[in-house]
Amino acid sequence: MAATGVLPFIRGVDLSGNDFKGGYFPDHVKSMTSLRWLKLNRTGLCYLPEELSSLQKLEHLSVSHNNLTTLHGELSGLPCLRAIVARANSLKNSGVPDDIFQLDDLSVLDLSYNQLTECPRELENAKNMLVLNLGHNSIDNIPTQLFINLTDLLYLDLSENKLESLPPQMRRLVHLQTLILNNNPLLHAQLRQLPAMTALQTLHLRNTQRTQSNLPTSLEGLSNLADVDLACNELSRVPECLYTLSSLRRLNLSSNQISELSLCIDQWTQLETLNLSRNQLTSLPSAICKLTKLKKLYLNSNKLDFDGIPSGIGKLTSLEEFMAANNNLELIPESLCRCTKLKKLVLNKNRLVTLPEAVHFLTDVEILDVRENPNLVMPPKPVDKTSEWYNIDFSLQNQLRLAGASPATVAAAAAGSGTKDPTARKMRLRRRKDSAAQDDQAKQVLKGMSDVAQEKNKKLEVGRGGTFLDDSGSLTWEIYYWIGHEATLDKKASAAIHAVNLRNYLGAQCRTIREEMGDESEEFIQVFDHEISYIEGGSASGFYTVEDAQYITRLYRVYGKKNIKLEPVTLKAASLDPRFVFLLDNGLEISVWRGSQATLSSTTKARLFAEKINKNERKGKAEITLLSQSQEPPEFWEVLGGQPEEIKANVPDDFQPAKPKLYKVGLGLGYLELPQINYKLSVEHQKRPKVDLLPEMRLLQSLLDTKAVYILDCWSDVFIWVGRKSPRLVRAAALKLGQEVCSMLHRPKHAMVIRNLEGTECQVFKSKFKNWDDVLKVDYTRNAESVLQAKGLAGKVKKDAEKKDQMKADLTALFLPRQPPMALTEAEQLMEEWNEDLDGMEGFVLEGKKFARLPEEEFGHFHTQDCYVFLCRYWVPVEYEDEAEKKKKKSGGKGDGEKGEEDEEEEEEKQPEEDFQCIVYFWQGREASNMGWLTFTFSLQKKFESLFPGKLEVVRMTQQQENPKFLSHFKRKFIIHKGKRKSKDNSLQPSLYHVRTNGSALCTRCIQINTDSCLLNSEFCFILKVPFESTDNQGIVYTWVGRAADPEEAKLAEEIMNHMFDDSYSKQVINEGEEPENFFWVGIGGQKAYDEDADYMKYSRLFRCSNEKGYFSVSEKCSDFCQDDLADDDIMLLDNGREVYMWVGTQTSQVEIKLSLKACQVYIQHMRSKAAEHPRKLRLVRKGNEPHPFTRCFHAWGVFRKPPA
């Protein structure tokens, strides 16, 4: 790139955050001969670059957070150097040159966070030093001569060292404003020098072993002292010397042994921050209420209760943060809710029972933390008047109406929640007032126009140019406007407008007459004395002509979870990675490519990003295509230069995008500056974020000033943002600086310089900022398929599609009653009917790579790591012809009666009485791989199809999701073991089985669970096998019957026990409370507390919330649900009669989460009106963190199934 000529005019530049490792440093810096300040922080430098010797005017140099071991080099040759900032390096004593202290103007030196063990030699010669920072080193002694010459110091930081004493010469620092001595073992230092430092404003003595005896008795002379930090010391009370500090604004006394506060604290009239955390306080004095300027009060980890907080605390009207976590608070004073400026209220780990109702009126509160208060009941909230989300009305009465409830039910729901809204009434009255004022104004305008139009006082002469006399002698007008063939649209409109304006001005009653070239009327031609002649030419259109925009084809990799980001990559097929989503921007064709391992959430967000590009940059003309890996059209590969043989993962696992660097272009009288904008994290952190987290910081749109120009360096792209009100010279300079910044550093070949004008920013630029105010109106309740299918429909199909589009949400399932359990007699009858039709059943099990025949005695025994195939043959009765049809055939046939009877007998003999049908049930365990299904598909299924052509049906099932007809063939003896069928690994380990019926006796299973007594339940039956290491007796088997178990189920459990184990086992049926200690409790792992009721079985319901139908809908799973029904890409609602759990999968979109939350609230509100005696509470559960009340609703809960191989 050619030189732009701006480098010699640059006065300051911030190159922090770039990678200058390995000796690389841009040569462009040599040309910046006018440079006054230079920042090279976090650039990986190991030594000072030689290019610094050319910067003879350099005054400020910052090289912090690098790998420097020495400062020797060119510094002493820079005569104008004033400030050296070299913090957070690896400097040792020998790495600090002595000659830099001979610089006459050196006034700032920062060598903190290094490896110094002593003060730099010759430091006392820097007589003009104003700021000295030697903190976070290992210095154990301060030379006595140091402070003899450095009397002008304003800032001194010696924290985090090994100092045991301070030189008495420190009393000479009469101009010192900030003194920081944190974390030094100053046990024997009496700090008698402090009273002499009369200009002191900040004093930090954290963790310096301060006690009542080694602090000065009086600090009255320090009238300017405003910030004192005495945290992490051994103070038993507030030192008396602090009460004399009338200017105190910030006081930190945390982590001491203070048990009470004096009433003298009301002397701190200017105090804004008071930290008393981690002390022994039991109460606060009432005098604290007089600190009216207090903004932050921290009381964490004390012994405060309700009586310990004064009732007049509401007088602290400026209070913004109140933190009292880990105390003994049962309540908080209601007056605390009168602190209307409160933004943060932290009360976790207390004994709170409730909060004042007025807490809801703290409208400025951003953080309310009441966690770990087990007995807390929140006061009722005010009525939520914003019930519509995503254009969906989630009010209970509206959802009941959509679900088809009776008008009385809807009216009752509306009456329960209908309240008058005074705010809405005021807004309606205001709108009426505004509309009335507008009507009056319009009437005045019309009246003025009428007066002008009717002004006929002037005497007009009769002329031939369009003025005529009517029969009564009064004037009439004819107004023509003529339009040429080549006239543009703006001229046509202007002619018509001016004709109407002329008519109004003259007060004429006629209509304007349009005449077109070549089609003029006779009346118009008669106005002229001669024939009309046309002259070519005229002026051009006044409209702007828009040429087709030229677009640059680019390929972006999409990454990020909550807020996606786009990284430009080389326009080649080799850039694709199956783990990511890619966006191919080809102008009016935008393709979203999803890799085989990419998440659905990233694909959805990338599609929305493409929609924004189309709307904001392509005027809605671009075509957006969704592509999946291995389904790409040839046009896609043409753009990328050809289809590769294989798409491989090429992005490193530890890939971290470059942190965007935001420069602000500064222009002065003959100079340019390029400082970086240091933006901070916009979220709250309990602890200070680590350096590793800094690249994750997000830019904010508010950083951009409309009067300035900025350069955003994203390494692969350089954006220039031009404010609307920025000066013209700054814009021109920014374009040249952007080119220099792009060429200065090593960048990929596809890097570009992109100009963005304020208000017309490209979408990729906006994505670099957090929450850019650009909301695209998208109906999230519809998917792409439903939008595409809506085109080209007609008739009834179109009406049905429009009706479907109107249905934004379907919550009908939430209002339907729970499915009642099937009666035992009905289930047995259904079981008997299905087994009567069964002619035979053969079983097969996968052993290795082949299916082997399963012994009949193992029917009903299944293993979680195996696959089974059952071939069932059913009799199907043949439907005979009706008698009427038979007679009709008989009469229309032969006339002889005897012959007809003989034919009929022959037909009956030939016609088969019954037919058969074969169903193959494929059963796959939770831990089995998909190889079983593939093996069955290509081997056994082919064989069955050849044996029973046209009569074979294949039903694939997974564990606990079996077909009821299939379950009926095992007559409630359906047993699922852990592991593989012939595995002997766990034969000597105790095993526990849980017998449970879900909704119907057909759905009865006996499943092996973890051998743990905490899983027992008094309403169920369990089977425990305790094996022995003996040849004659293999072990003992217990059937444990809970005290509240169903007798029929207890009898069934005993039958299952006898079916599972032969006579080589000792078998016992024991009731709850009669367990033998020696075998039962020892075999089950010891006695533990367990559930004594299963009321949740009467109420448990599982709902699925999804957008897959094209709109948000809720559907209910059958009562025989299991853990695998929890869909990872959807939201599930589980009602157990007490709580409603909202279960969130890992692949769920944010839209579904928000809509499901509203649906859950509607369901709770509905159940409260239907069953007030069983109020539900809402609980949020994330996958993998399910509590016991949630998991016990599922039979044999275990670890989540991994995707089968």
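Residues numbered from 1 in each chain as written. Predicted model: local features only at pLDDT ≥ 70, side-chain atom pairs only at ≥ 80, totals over all residues. Heavy atoms only, no water.

Per an unreviewed UniProt entry, the protein chain is named Protein flightless-1 homolog, and its organism is Terrapene triunguis.

(A) Region of the structure containing helix α7 (residues 600–617). The end-to-end C-alpha distance of α7, which contains 18 residues, comes to 25 Å, matching closely the 26 Å that a straight helix rising 1.5 Å per residue would cover. All buried positions along α7 are accounted for by S601, S602, T603, A606, F609, A610, K612, I613 and N614. If you follow the buried residues of α7, they end up packed against β23 (554–559), β24 (565–569), β25 (581–585), β26 (589–594), β27 (623–628) and α10 (763–767). At the C-terminal side of α7, K619 shows a positive phi close to 55°. (Helix = DSSP H or I, 4+ residues; strand = E, 2+ residues; numbered from the N terminus. Expected span 1.5 Å × (residues − 1). Buried < 20%, exposed > 50% of the residue type's maximum accessible area, 1.4 Å probe, protein only. Contact = heavy atoms within 4.5 Å.)

(B) The arrangement of the nonpolar core in detail. The biggest cluster of nonpolar side chains holds 133 residues, and the ones touching the most others in it are L156, L179, L242, W268, F322 and L347. For this core, the secondary structure elements donating two or more residues are β1 (10–14), α1 (146–149), β30 (672–674), β32 (709–713), β33 (717–722) and α9 (728–744). Considering each element in turn, this core owes the most residues, 7 residues, to α9. With sequence-adjacent residues up to four places away left out, W268 is seen in contact with V238, L242, Y243, L245, L248, L251 and L291. Ranked by size, the runner-up nonpolar core spans 51 residues in total, among them L838, F970, I976 and I1084. (Core = buried A, V, L, I, M, F, W, Y, C linked by side-chain atoms within 4.5 Å.)

(C) Spotlight on the confidence of the model for the protein chain. Of all residues in the protein chain, 85% attain a pLDDT of 70 or more, and the chain-wide mean is 83. Segment residues 456–465: pLDDT under 50, and 10 contacts once partners within four positions in sequence are set aside and those in other chains are kept. This stretch, residues 681–696, has a pLDDT under 50; its non-local contacts, to residues over four places away or in other chains, come to 13 contacts. (pLDDT = per-residue confidence, 0-100.)

(D) Layout of the side chain of D866. Along the polypeptide, D866 turns up in the loop between β39 (861–863) and β40 (867–877). Of note is the side chain of D866, whose polar atom sits 2.8 Å from the backbone nitrogen of R981. For D866, the residues in contact, after removing those within four places along its chain, are L846, W923, Q924, G925, A928, K980 and R981. (Polar contact = N/O pair within 3.5 Å; in protein donor to acceptor, adjacent residues only side chain to side chain.)

(E) Quick peek at the pattern of salt bridges. Here the structure, examined in full by the defined rule, presents 37 salt bridges. D585 is the salt-bridge partner of R618, the closest N and O atoms lying 2.8 Å from each other. Here R618 is found in the loop between α7 and β27, whereas its partner D585 is found in strand β25, with 33 residues between them in sequence. For D585, a relative accessible area of 8% translates into the label buried. For D866, the salt bridge goes to K980, with nearest N and O atoms at 3.0 Å. Of this pair, D866 sits in the loop between β39 and β40 while K980 sits in the loop between β43 (975–977) and β44 (991–997), and the two are 114 residues apart along the sequence. By relative accessible area, D866 is classed as buried at 3%. Note on K980: relative accessible area 41%, which makes it partly exposed. A cluster of three or more residues bridged by salt bridges with shared partners is formed by E847, E858, R981 and K982. (Salt bridge = Lys/Arg side-chain N within 4 Å of Asp/Glu carboxyl O.)

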